[in-house]
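# Structure assessment
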2 protein chains.
Amino acid sequence: MNYCSNCSHPVVFKEVEGDSHKRFVCDECDTIHYQNPRIVVGCLPIWEDQVLLASRAIEPREGFWNVPGGFMENGETMKEGAAREVMEETFAEVEVIRLHTTFAIPRINQVHMHFLAHLKNLDFKPGIESIDVRLFKESEIPWKDIAFHSSTFSLKQYFNNIGNGKEEVYSSFI
Amino acid sequence: MNYCSNCSHPVVFKEVEGDSHKRFVCDECDTIHYQNPRIVVGCLPIWEDQVLLASRAIEPREGFWNVPGGFMENGETMKEGAAREVMEETFAEVEVIRLHTTFAIPRINQVHMHFLAHLKNLDFKPGIESIDVRLFKESEIPWKDIAFHSSTFSLKQYFNNIGNGKEEVYSSFI
């Protein structure tokens, strides 16, 4: 951040009274520009003993498999955002069941939240950000070719806890 | 947002190819300025049959009681942020147990995440953003004077589910 998005004056990065963190501040219009982590919402769509994954058409991790998801948008709930991202990446219609995992990645200022979802039908196909979309049984999961740790975490927690009767939310670096 | 924070050129709010949402875009340096929901992290600190609440010294909802919390910062986990906010508002040392509730407020682009926590000792006192801090038994909770719906939700889910043996995460507008 170099300039104030409100008045275009150059900003300075400095201490703010009563605040625990340094901020980008505009000394012209007194706007404090806060920067905060972003939320990535996604779904693990379930069909019988299989789950739906998407192979990424874009960097980072192009060609690697992922739990469909993306950045949550203003004006939506987590559930709405998660279902929207699944539709954009896989054209799959899902019914979101509940929160499944949370995963903090402080290094890149992200919080991933994955939901379990019922896949409503098999009319899925790659969206613009995917090169392939397919169902995997547990034995077929390409563990070495999963795009992000949060997806590996969600997949392991799902298959390790199927049928245990718990409706637990699993958190990594909560 | 009026100006590009990268180059100070005026931005325009417009469609972006391959994107489902309009964005603030700088036609001078091609920066797309995404705006996303922010996360509010907090803890419900528990001491025997009581919970710790803080009365707000600042607007919005000055003078109303709240589950201690605030905006998650870059570079921290949810758990770290929740404990930091409790320290800032109440000087209380806590040991975070687990995620308790998630609460989406799309109208103001916020996601609240409250954790259950053990209060380590009784050395609490108001921080700079609080006018009072005290422990409440369930029968003493000032339900009409709670600052935000997310705090009411977390308090009700806590007291309604004590001792049921579940480690469930409760979500509103998930």
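## As for the relation of the copies chain A and chain B
The two copies are related by a screw operation: chain A maps onto chain B through 180° of rotation and 0.0 Å of translation along the axis, at an RMSD of 0.0 Å. These values place the two chain copies in the arrangement generated by a two-fold rotation axis. Both copies share a contact surface, since 100% of the interface residues of chain A are interface residues in chain B too.

## A word on the nonpolar core
Counting residues in each nonpolar core, the largest one holds 66 residues, and the members touching the most others are C43 of chain A together with C43 of chain B. Setting aside residues no more than four positions away along its own chain, C43 of chain A makes contact with P68, A82, A83, V86, V94, V96, H114, F115 and A117 of chain A. Ranked by size, the runner-up nonpolar core spans eight residues in total, among them C4, V11 and F24 of chain A together with F24 of chain B.

## Overview of the interface of chain A and chain B
Of the residues lining the interface, 39 residues belong to chain A; the matching set on chain B comes to 39 residues. Listing elements by their share of the side of chain A that touches chain B, those giving two or more residues are β4 (38-47), α1 (78-90) and β8 (94-105) of chain A. When its residues are assigned to classes, the side of chain A that touches chain B shows 17 nonpolar, 15 polar and seven charged.

## With respect to the sheet that holds strand β2 (residues 23-25) of chain B
Residue and element names in this part refer to chain B. Taken in spatial order, the three strands make up an open sheet running β1-β2-β3, and their pairing is antiparallel. This sheet does not close on itself; its edge strands, each paired only once, are β1 (12-14) and β3 (32-33). Where β2 and β3 come together, two bridges link them in antiparallel fashion. Across the sheet, V25 pairs through a bridge with I32, a residue of β3.

## Examining the environment of D19 of chain B
Residue and element names in this part refer to chain B. Structurally, D19 can be placed in the loop between β1 and β2. For D19, a count of 13 C-beta atoms within 10 Å translates into the label partly exposed. As a C-alpha pair, D19 and P37 span 18 residues in sequence and 17 Å in three-dimensional space.

## Things to note about the domain arrangement of chain A
Here the domain parsing of chain A yields domain 1 (1-35) and domain 2 (38-172). Each of domain 1 of chain A and domain 2 of chain A has a C-alpha centre, and the two are 36 Å apart.

## Regarding α1 of chain A
Residue and element names in this part refer to chain A. With 13 residues, α1 extends 18 Å between its outermost C-alpha atoms, agreeing within 8% with the 18 Å of an ideal straight helix rising 1.5 Å per residue. Among the residues of α1, M78, K79, G81, A82, A83, E85, V86, E89 and T90 are the ones counted as buried. Taken from the residues just after α1, F91 is the one with a positive phi, measuring 60°.

## Describing the confidence of the model for chain A
In the predicted model, chain A carries a mean pLDDT of 96, and 99% of its residues have values of at least 70. With a pTM of 0.95, the predicted complex shows an ipTM of 0.93.

## A few points about the pairing of strand β9 (residues 110-119) of chain B
All names here are of chain B. By the criterion of burial, β9 is predominantly enclosed, with seven of the ten residues buried. By the bridge criterion, nine bridges tie strand β4 (residues 38-47) to β9 in an arrangement that is parallel. Along β9, the bridge assignment pairs L44 with L116. Across ten bridges, the pairing between strand β8 (residues 94-105) and β9 is antiparallel. Within the sheet, the bridge partner assigned to R98 lies in β9 and is L116. As consecutive antiparallel partners, β8 and β9 are separated by four residues, and within that stretch N109 has a phi angle of approximately 55°, a positive value.

## Here's the deal with the pairing of β8 of chain B
In the case of a regular strand, side chains alternate between the two sheet surfaces. When β8 of chain B meets strand β11 (residues 170-172) of chain B, the two strands line up parallel, connected through three bridges. By the bridge assignment for β11 of chain B, T102 of chain B is matched with S171 of chain B.

## So, helix α2 (residues 149-161) of chain B
All names here are of chain B. Look at α2: 18 Å from first C-alpha to last across 13 residues, which is about the 18 Å you get at 1.5 Å a residue. In the core, the buried residues of α2 are packed alongside β4, β6 (65-66), β8, β9 and β11. Just past α2, the residue G163 takes up positive phi, approximately 75°.

The rules we used
Sequence order sets the numbering: in each chain, residues are counted from 1 along the sequence as written. A letter from A marks each chain and a number from 1 marks each ligand, given out in the order of writing. In keeping with the model being predicted, local features are shown solely for residues with a pLDDT of at least 70 and side-chain atom pairs are shown and tallied solely at 80 or more, while totals for entire chains, interfaces and linings include all residues. Copy-to-copy alignment: least squares on C-alpha atoms, limited to residues at pLDDT 70 or above in both. Contacts are defined on C-beta atoms placed from the backbone: any two residues whose C-beta positions lie within 7 Å are in contact. Only buried residues count toward a nonpolar core: Ala, Val, Leu, Ile, Met, Phe, Trp, Tyr and Cys, linked into one set through C-beta atoms within 7 Å. Here exposure depends only on C-beta density: within 10 Å of a residue's C-beta, 20 or more other C-beta atoms make it buried, 12 or fewer make it exposed, and intermediate numbers make it partly exposed, the C-beta atoms being placed from the backbone. Only runs of H or I of at least four residues qualify as helices and only runs of E of at least two qualify as strands under DSSP, and these elements are numbered from the N terminus. Amino acid classes used here: Ala, Val, Leu, Ile, Met, Phe, Trp, Tyr, Cys and Pro are nonpolar; Asp, Glu, Lys and Arg are charged; the rest, including Gly, are polar. At least two bridges found by DSSP between two strands is the condition for calling them paired. Where each domain starts and ends comes from a domain assignment, either automatic or drawn from a database. Between the first and last residue of a helix there are one fewer steps than residues, each counted as 1.5 Å, and that sum is the expected span. The predictor attaches a confidence to each residue, called pLDDT, with possible values from 0 through 100.

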